[in-house]
Amino acid sequence: MSDSESEESHLIDNTTSVHQHECDDGSAIANYSRPSVIIANNVGMLFIISAQFFTACMYISVKILNRLETPVHALQLNIDLSQAVTFLCCVTYMIIMRIPDPITGPKDVRSLLITRGITGFFGLFGVYLSLEHLSVADATVLIFLTPLTTAVAGSILLKESYSTGQAVAGVCSLLGVVLVTRPLFLFGSIPDGGRLPEGTPAERLAAVGACMMSVIGNTGAYTSIRAIGKRAHPMHVLTFFSLWCTIISSLWMIISNIPVVYPTPWGWILLLMVGVFGFVTQTLLTMGLQRETVSRGVTGMYTQVLFAVMLERLIFGVMPSLLSIVGAVIIMSSALYVVVSGHGARFTARVLC
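Rules used throughout
Residues numbered from 1 in each chain as written. Predicted model: local features only at pLDDT ≥ 70, side-chain atom pairs only at ≥ 80, totals over all residues. Heavy atoms only, no water. Helix = DSSP H or I, 4+ residues; strand = E, 2+ residues; numbered from the N terminus. Buried < 20%, exposed > 50% of the residue type's maximum accessible area, 1.4 Å probe, protein only. Contact = heavy atoms within 4.5 Å. Areas by Shrake-Rupley, 256 points an atom, 1.4 Å probe, with all protein chains shown as cover. Core = buried A, V, L, I, M, F, W, Y, C linked by side-chain atoms within 4.5 Å. Phe/Tyr/Trp six-rings, centres within 6.5 Å; stacked < 30°, edge-to-face > 60°. Polar contact = N/O pair within 3.5 Å; in protein donor to acceptor, adjacent residues only side chain to side chain. Expected span 1.5 Å × (residues − 1). Salt bridge = Lys/Arg side-chain N within 4 Å of Asp/Glu carboxyl O. Axes fitted to C-alpha atoms, helices over the stretch in contact; angles between N-to-C directions. Parallel < 35°, antiparallel > 145°, perpendicular 65-115°, else oblique. Nonpolar A, V, L, I, M, F, W, Y, C, P; charged D, E, K, R; others polar. Left-handed = near helix turned anticlockwise from the far one by under 90°. Patch = residues over 30% accessible without salt bridge, like charges linked within 9 Å, V, L, I, M, F, W, Y side chains within 5 Å.

1. Regarding the overall build of the protein
Alright, step 1. Helix and strand counts for the protein stand at 15 helices and 0 strands.
Alright, step 2. Taking all 353 residues of the protein together, the buried fraction comes to 46%.
Alright, step 3. Counting only contacts in the protein whose residues sit at least 6 apart along the sequence, the fraction spanning at least 24 positions is 88%.
Alright, step 4. As presented, the protein carries roughly 17600 Å² of accessible surface, and 69% of it is formed by carbon and sulfur atoms.

Structure follows, in C-alpha cells:
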C-alpha cells in the first residue's frame, strides 16, 4: 500500500513538473515576444541598418560638395580623406581607452585584419571607379550583388547557415533595388531625366569590371570581419581598413599624378562631414557584422537605397516614382522578414536548450 502511495505521489510530482515546465515555456514565449527582447536579439542587424543611413548621408554630402566646388577626385574625397580621419579617430580612441595593440592589432587575427583592410579598399574604390562610365543606377544594381555573394561566402568558408528563406529575401531585395534605380541596361531609357554617361563600349565594359572588383572586395571584407568576430576590438578592424585605404590611395594618387584639390571653408566643412559619416558607417557596420551571420547581416545593406531615396527627396526635392515606392516596399518587407525569422530561430534554439 505504501508502495502504491509512493508511486502515485511520484506520478503527481512528475505531472506537476511537466505542467510547470509548460508554464515556463509559455512565459518564455511571452517574454521573447516583447519588443525589447526582439530588439536585443537583432542588435547586429540594427547596427547594420543604421550604418546604411550614415552611408547615404555621406553620399549626399559628396553630392552637395560636387555641386558647390571644383570636383574632387574619388581617391582624395571618398577614400584618402575620409579614411585618414577614420584612422586618426580609431587610434586616438584606443590610446585613450588603453586598448592593447592600437595599431598592430591582436596577433592571432592580424592576417585577417590585413585582409579586411586590403579587400575593403578595392571594394570601396571599385564603386567610384565604375561611376566614370556607368550611371548611378547601373552601378548600384551591380554593386548590390555583394549581399548575395557574401552570404554564399559565409556559408562556404565560415560554415554559417544560409536558409532558403534568406536566399529568397536576398533576391527579392535585389529586385527592389532594380525597381528603385531602374538601370539603363534593363529598362532601356534614362531614368528620372538623367544623362547617359559618356564612354565607349570598352570603357563601359571596364566600368562593369570595376563593379565586379568592388563586389569581390566587399565580399572579402565582410567575410573577414565575420571571421574575426569579437577576437579584435571594432576599432582594430576600422584602423586596419582606414590605414590600408589611406596608404594605397595615397600611393595611387602619387603614381597617377592626381592633383590635390583645396576647397573653400564651406567645402572643408562638407569634407569633414564626409569623414565623420564614413567613420560612423564603418563603426556601426563592423559592430553589426561581429554580431550577425553574414547571410542575415548583408540583407540589411539593401536599406541603403531607401535612405538615399528619402534624403534626396528631403534635400534635393527628388520625387520617387511609383516603381521606386514599390521597390522600397519590397526591400523593407524582405529585411523585416529576415529580422523576424532570425528572432524566431533564436527563440527556438533557446527553448530547446
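From this point, the narrative continues.
2. Considering the nonpolar core
Alright, step 1. Formed by 23 residues in total, the largest nonpolar core has its most connected members in Met58, Leu75, Phe121 and Leu311.
Alright, step 2. With 7 residues, helix α3 (residues 43–68) is the single largest residue contributor to this core.
Alright, step 3. Setting aside its immediate chain neighbours within four residues, Met58 contacts Tyr128, Val274, Phe277 and Gly278.
Alright, step 4. In this structure, Ile225, Ile228, Leu289 and Met301 belong to the second largest nonpolar core, which totals 17 residues.

3. Quick look at the packing of aromatic side chains
Each aromatic ring pair is described using two quantities: the centre-to-centre distance and the angle formed by the ring planes.
Alright, step 1. By the definition in use, this model includes 7 aromatic pairs.
Alright, step 2. Ring plane angle 80 degrees and centroid distance 5.5 Å describe the contact between Phe53 and Phe307, whose orientation is recorded as edge-to-face. Of the two residues, Phe53 sits in helix α3 while Phe307 sits in helix α14 (residues 303–316), which places them 254 residues apart along the sequence.
Alright, step 3. Classification of Phe53 as partly exposed rests on a relative accessible area of 31%.
Alright, step 4. The class for Phe307 is buried, based on a relative accessible area of 17%.

4. Section: the environment of His236
Alright, step 1. Mapping His236 onto the fold places it in helix α11 (residues 234–255).
Alright, step 2. Here His236 is in contact with Met94, Ile99, Pro100, Asp101, Pro102, Gly105, Pro106 and Leu113, once residues within four sequence places are set aside.
Alright, step 3. At 2.8 Å, the side chain of His236 and the backbone oxygen of Asp101 are in polar contact.

5. What to know about α14
Alright, step 1. Over its 14 residues, α14 extends 19 Å from the first C-alpha to the last, a length consistent with the 20 Å expected when each residue adds 1.5 Å.
Alright, step 2. Every buried residue of α14 is listed here: Thr303, Gln304, Val305, Leu306, Phe307 and Leu311.
Alright, step 3. Remark: Gly317 follows α14 within two positions and exhibits a positive phi of approximately 75 degrees.

6. Focus on the pattern of salt bridges
Alright, step 1. Summed over all chains, the structure comprises 1 salt bridge.
Alright, step 2. Residues Arg226 and Glu160 are paired through a salt bridge, measuring 2.7 Å at the closest nitrogen-oxygen approach. Taken together, the residues span a long stretch of sequence, with Arg226 in helix α10 (residues 201–228) and Glu160 in the loop between α7 (146–157) and α8 (164–181) at a distance of 66 residues.
Alright, step 3. A relative accessible area of 21% means that Arg226 is categorised as partly exposed.

7. Examining the packing of α10 against helix α12 (residues 265–289)
Alright, step 1. Following both chains from N to C, one finds α10 and α12 inclined at 55 degrees, their axes separated by 8 Å at the closest point. As far as their axial angle goes, α12 and α10 are oblique. Facing α10, whose interface residues are Tyr222, Ile225 and Arg226, α12 presents Leu285, Thr286 and Leu289.
Alright, step 2. Looking at the contact of α10 with α12 residue by residue, the classes come out as 4 nonpolar, 1 polar and 1 charged.

8. Thoughts on the packing of helix α5 (residues 110–130) against α11
Alright, step 1. Taken N-terminus to C-terminus, the directions of α5 and α11 make an angle of 50 degrees; their axes are 8 Å apart at the nearest point. Judged by the angle between their axes, α5 and α11 are oblique. Seen from above, α5 lies across α11 with right-handed handedness. Two secondary-structure elements touch here, α5 through Arg110, Leu113, Ile114, Arg116, Gly117, Ile118, Gly120, Phe121, Leu124 and Phe125 and α11 through His236, Val237, Phe240, Phe241, Trp244, Cys245, Ile248, Ser249 and Trp252.
Alright, step 2. Of the residues contributing to the contact of α5 with α11, the split by class is 13 nonpolar, 4 polar and 2 charged.

9. Quick notes on a nonpolar patch on the surface
Alright, step 1. Taken together, Ile247, Leu251, Ile254 and Ile255 make up a surface patch of nonpolar side chains, about 440 Å² in accessible area.
Alright, step 2. With respect to the helices and strands, the residue Ile255 is situated in helix α11.
Alright, step 3. Taking the relative accessible area as the measure of exposure, Ile255 reaches 73% and is therefore exposed.

10. Points about unusual backbone geometry
Alright, step 1. In this structure, Asp101 is a non-glycine residue whose phi angle is positive, near 50 degrees.
Alright, step 2. Turning to its location among the elements, Asp101 is positioned in the loop between α4 (74–96) and α5.
Alright, step 3. Judged by relative accessible area, Asp101 falls into the partly exposed class, the value being 36%.
Alright, step 4. With phi around 60 degrees, Lys159 is a residue other than glycine that occupies positive phi space.
Alright, step 5. You can see Lys159 is positioned in the loop between α7 and α8.
Alright, step 6. Classification of Lys159 as exposed rests on a relative accessible area of 69%.

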